Amino acid sequence: IPNVFLFTGQYGSGKTTVARIVASMLNCERGVTLDPCGQCSFCKKVQNGTSIDIQEIDAATNRGIDKIRSLKEFARYGSSEMRSKIIILDEAHGLTEEANNSLLKLLEEPPANMYIFLCTTEPRQILPTIHSRCQRFDFKKLLPPQLFVYIKSICDKEEIKYEDEALRIISKISNGSMRDALRNVESLRNFCSSELNSKDCYKLFGVPNSFFAFDLMEKIINKKTTEGILLINQSEEVGSDISLMIKDISQHLRDLLILKTCKTDSLVHAFGGTLEKLKDQAARVDLVSLLKVMKVFEDAMSITVYNLQPKHVLEKAFIESVIAYYHEIQSKKTDNKQTVK
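Residues numbered from 1 in each chain as written. Predicted model: local features only at pLDDT ≥ 70, side-chain atom pairs only at ≥ 80, totals over all residues. Heavy atoms only, no water.

Next up on the list: the packing of helix 10 (residues 212-221) against helix 12 (residues 242-261). As a packed pair, helix 10 and helix 12 sit with axes 9 Å apart at the nearest point and diverge in direction by 70°. Viewed along their axes, helix 10 and helix 12 adopt a mutual orientation that is roughly perpendicular. Along its contact with helix 10, which presents Phe212, Ala213, Phe214, Leu216 and Met217, the element helix 12 presents Met245, Asp248, Ile249, His252, Leu253 and Leu256. Grouping the amino acids of the contact of helix 10 with helix 12 by side-chain chemistry returns 9 nonpolar, 1 polar and 1 charged. (Axes fitted to C-alpha atoms, helices over the stretch in contact; angles between N-to-C directions. Helix = DSSP H or I, 4+ residues; strand = E, 2+ residues; numbered from the N terminus. Parallel < 35°, antiparallel > 145°, perpendicular 65-115°, else oblique. Contact = heavy atoms within 4.5 Å. Nonpolar A, V, L, I, M, F, W, Y, C, P; charged D, E, K, R; others polar.)

The next point concerns the environment of Met25. Counting through the fold element by element, Met25 comes out in helix 1 (residues 15-27). Once the C-alpha coordinates of Met25 and Arg183 are considered, the two residues, 158 residues apart in sequence, prove to be 27 Å apart. When neighbours within four sequence positions are excluded, Met25 is seen to be in contact with Gly31, Val32, Thr33, Leu34 and Pro36.

It is the rolling of a water-molecule-sized probe over the atoms that shows where space remains empty. Inspection of every chain in the model, using the stated rule, returns 1 cavity of 30 Å³ or more. In this structure, the largest cavity occupies an estimated 30 Å³ of space. Taken together, Arg20, Ala23, Val46, Ile54, Glu56, Ile86 and Ile88 form the lining of the largest cavity. Every element with two or more residues in the lining of the largest cavity is listed here: helix 1, strand 2 (54-58) and strand 3 (85-90). In terms of residue class, the lining of the largest cavity is made up of 5 nonpolar, no polar and 2 charged. (1 Å grid on protein atoms, 1.4 Å probe; cavity = no way out; pocket = protein on both sides within 12 Å on 5 of 7 lines; lining within 4 Å. Points joined across faces, edges and corners; volume = space filled by probe spheres on them.)

As structure tokens, then:
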């Protein structure tokens, strides 16, 4: 078992939690085990952080050399009550240069009964000399279907009533973070009167209707500019955030591109009934026109960061998309006629 672990990955992916679990595996009363009981006094102390043999530090706020010196002092002595001493250094990339140099000396020859966990969202900021002394594990971003299955199981265990669509929305907006997904479920539970439902989900999080992007793309394909502008304004009136609307349509266009060019749907974020509708739309859309529409909305997304009138940006992007899509289709028709002649 290595003495130094480096856990990397985006926020909310479980790095610190897994560090505590491994600490339980090393200190459980059963012995060093892959299946800690979670019930013995040592397991509970690890999870609660109440043992004097455990030091859990947030390096984003305790980033100076003095804190690392105190850890070196902590490492000098044997464990008092548990089998192993544990150091969990969260946000390890936040340490100062002096603190990193001091930490390096501890990592070079850690005591045999000490295990150090460095958790970070920015592995590139970890010094190569520190990196080389760690066994690295990368925590991947969770996909919406994975988040959906997990939060659904939690709602079942907690006997929380829910609509599947509400959980799908939460899975989609949580950006691959389990922590964000659980927090969103809790927020929605406090907001809803009885069950978790999609209507309250749209109100609370400001996300557009799950079929907004699909419907807007249909307006682009069929050149229905008036209906498209009305759809955008109606979505805003019910509380949808404009920036989330642009992000939603951009994600939708990306999924269409993947379905149009790849033979697998495993890379697509949609699932359930939405996926089937997406496949149908992908079969009808023109690839070159799709790429031009994507470029329009990518530009719109970058502009909304600084624009005080994001709705105007979205409406303009929609009109430009209709023109770009129609122009490309007309160009192909003209080229085909010339080829026939």
